[in-house]
Amino acid sequence: GPCAVEDPDQMDEVAAHLAGRGVRILRAGAFKPRTSPDAFQGLGEPGLAMLAEAARRHGMAAVTEVTDIRWIDACARHADMLQVGARNMSNFELLRAVGAAGRPVLLKRGLAATLDEFLHAAEYVFRAGCTRLVLCERGIRTFSRDTRFTLDISAVPLLKMRARLPVVVDVSHAAGRRDILAPLARAALAAGADGVMVEVHPRPHLARSDGAQQLDLPQFDAFADALAPWIPGP
């Protein structure tokens, strides 16, 4: 789904298209932790309602990021799964609270976290009562300037060996650009990833956040076609 919920029409358009391609999970942010305070911060709870409505209308599960303990109840009311983003991987009080919220959790690796640190963060969620946990590799910060982050493909098999949890790969945040998303996704699936996360927006050039890394709808179709040989059937 899109980086951020922007309006009901945007969410319905992208959800309808993705559902038609067999996508079963719709992810978008209503609370956006942005590096710049001047950047779009998300629509908050109204955005959660838009996400939930689009997901329900098209038979999809809704996933959204929780950025603060204050928003857990609202996110849990609207979403089927709660995401803890990279910047909050070491927010241990948030991890405990999300783990106790009664929803499955998608936990992203921190920008410079080792795998040990990532798995310790997962343990906070587990010990709070959540046993339905998915780990997400989303790239780490290195000296490279060609991509937004550097995708650590080796993390996929290592995490699956050590944690025996589902592992997905967010290629959009790793790359920060749309032109190499399909090769990165194929590499992730070849390494054993259980799924990939990719950002899709009806009109990326008008997106209020991270437009450069989002696919438009025809580009998503090409992306899905490129991955088809790697994805098992229903």
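Residues numbered from 1 in each chain as written. Predicted model: local features only at pLDDT ≥ 70, side-chain atom pairs only at ≥ 80, totals over all residues. Heavy atoms only, no water.

Caption draft 1: Molecular detail of the side chain of S172. Relative to the helices and strands, S172 is located in helix α7 (residues 171–175). For S172, the side chain forms a polar contact with the main-chain nitrogen of E199, separated by 2.8 Å. (Helix = DSSP H or I, 4+ residues; strand = E, 2+ residues; numbered from the N terminus. Polar contact = N/O pair within 3.5 Å; in protein donor to acceptor, adjacent residues only side chain to side chain.)

Caption draft 2: Main features of the layout of surface pockets. If you add up the space inside the largest pocket, you get close to 1200 Å³. Looking at the largest pocket, it is lined by 33 residues, and the ones nearest its centre are V23, R24, D194, G195 and V196. Of all the secondary structure elements, the ones that give two or more residues to the lining of the largest pocket are β1 (25–27), β7 (195–197) and α9 (217–227). At 5 residues, α9 tops the list of elements feeding residues into the lining of the largest pocket. Among the residues forming the lining of the largest pocket, the class breakdown is 24 nonpolar, 4 polar and 5 charged. Forming the walls of the second largest pocket are 18 residues, and the residues nearest its centre are P33, R87, R148, H173 and D210. Tallied by class, the residues present in the lining of the second largest pocket amount to 4 nonpolar, 4 polar and 10 charged. (1 Å grid on protein atoms, 1.4 Å probe; cavity = no way out; pocket = protein on both sides within 12 Å on 5 of 7 lines; lining within 4 Å. Points joined across faces, edges and corners; volume = space filled by probe spheres on them. Nonpolar A, V, L, I, M, F, W, Y, C, P; charged D, E, K, R; others polar.)

Caption draft 3: Main features of unusual backbone geometry. One non-glycine residue with positive phi stands out, namely R164, at about 55 degrees. With respect to the element layout, R164 can be found in the loop between α6 (155–163) and β6 (167–170). Phi is positive for D210, close to 55 degrees, though the residue is something other than glycine.

Caption draft 4: Layout of the sheet that holds β7. One open sheet holds the 7 strands; their spatial order is β1-β2-β3-β4-β5-β6-β7, and the pairing between them is parallel. This sheet does not close on itself; its edge strands, each paired only once, are β1 and β7. Between one strand axis and the next, the sheet turns by 25 degrees as a mean value, whatever way the strands run. When β6 meets β7, the two strands line up parallel, connected through 3 bridges. When the sheet's bridge partners are listed, V169 is paired in β7 with V196. On the sheet, α6 packs against β5 (133–137) and β6 and is oriented at approximately 155 degrees with respect to β6. (Pairing = 2+ DSSP bridges. Axes fitted to C-alpha atoms, helices over the stretch in contact; angles between N-to-C directions. Contact = heavy atoms within 4.5 Å.)

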